[in-house]
Amino acid sequence: MMELNTKIRRFQETTASTLHKESCIAPSSDDGNKLVNENDAQVAIRTLEDQLAHIISQTNMEEQEYEAEQNLHKQLQQELINIERNVTLMEAIMKETKELQELTRYPCQNHIACY
């Protein structure tokens, strides 16, 4: 994201400097110079439009990648929650099993002692 912000900033600076240069060009009485300036301006505008389209395309790709990463994160988070529940359940089962084993031992020991 920082790289994208840097590219946007550069684009804005380029646009600002291009507009500043165009506004500083003195009008000339020569029609040939006006035509050249107009062609240069059109080329500059087309270049800026292409750069903007490229930045928009990159932004869309980055947003899609970000959404994919977020979906993966959500899936992994849900999987972690499920695993933690299973571990808790297994621990409870093991605890109950041990308690049951201890309970089944005592009567046998008492029963043997009673004979």
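Note: the structure precedes this text.
Below or above, wherever it landed, is the structure these notes cover. (Residues numbered from 1 in each chain as written. Predicted model: local features only at pLDDT ≥ 70, side-chain atom pairs only at ≥ 80, totals over all residues. Heavy atoms only, no water.)

1. With respect to the pattern of salt bridges
Tallying each qualifying case throughout the model produces 2 salt bridges. Between glutamate 49 and arginine 46 there is a salt bridge; the shortest N-O distance is 3.8 Å. Residue glutamate 49 and its partner arginine 46 are located together in helix α2 (residues 31-114), separated by 3 residues, close to a single helical turn. Judged by its relative accessible area of 43%, glutamate 49 falls in the partly exposed class. Linking aspartate 50 and arginine 46 is a salt bridge whose minimum nitrogen-to-oxygen distance equals 3.6 Å. A residue pair is termed a helical-turn pair when its members lie 3 or 4 positions apart in one helix, as aspartate 50 and arginine 46 do in helix α2 at 4 residues. Taken together, the shared-partner salt bridges in this structure form one network comprising Arg46, Glu49 and Asp50. (Salt bridge = Lys/Arg side-chain N within 4 Å of Asp/Glu carboxyl O. Helix = DSSP H or I, 4+ residues; strand = E, 2+ residues; numbered from the N terminus. Buried < 20%, exposed > 50% of the residue type's maximum accessible area, 1.4 Å probe, protein only.)

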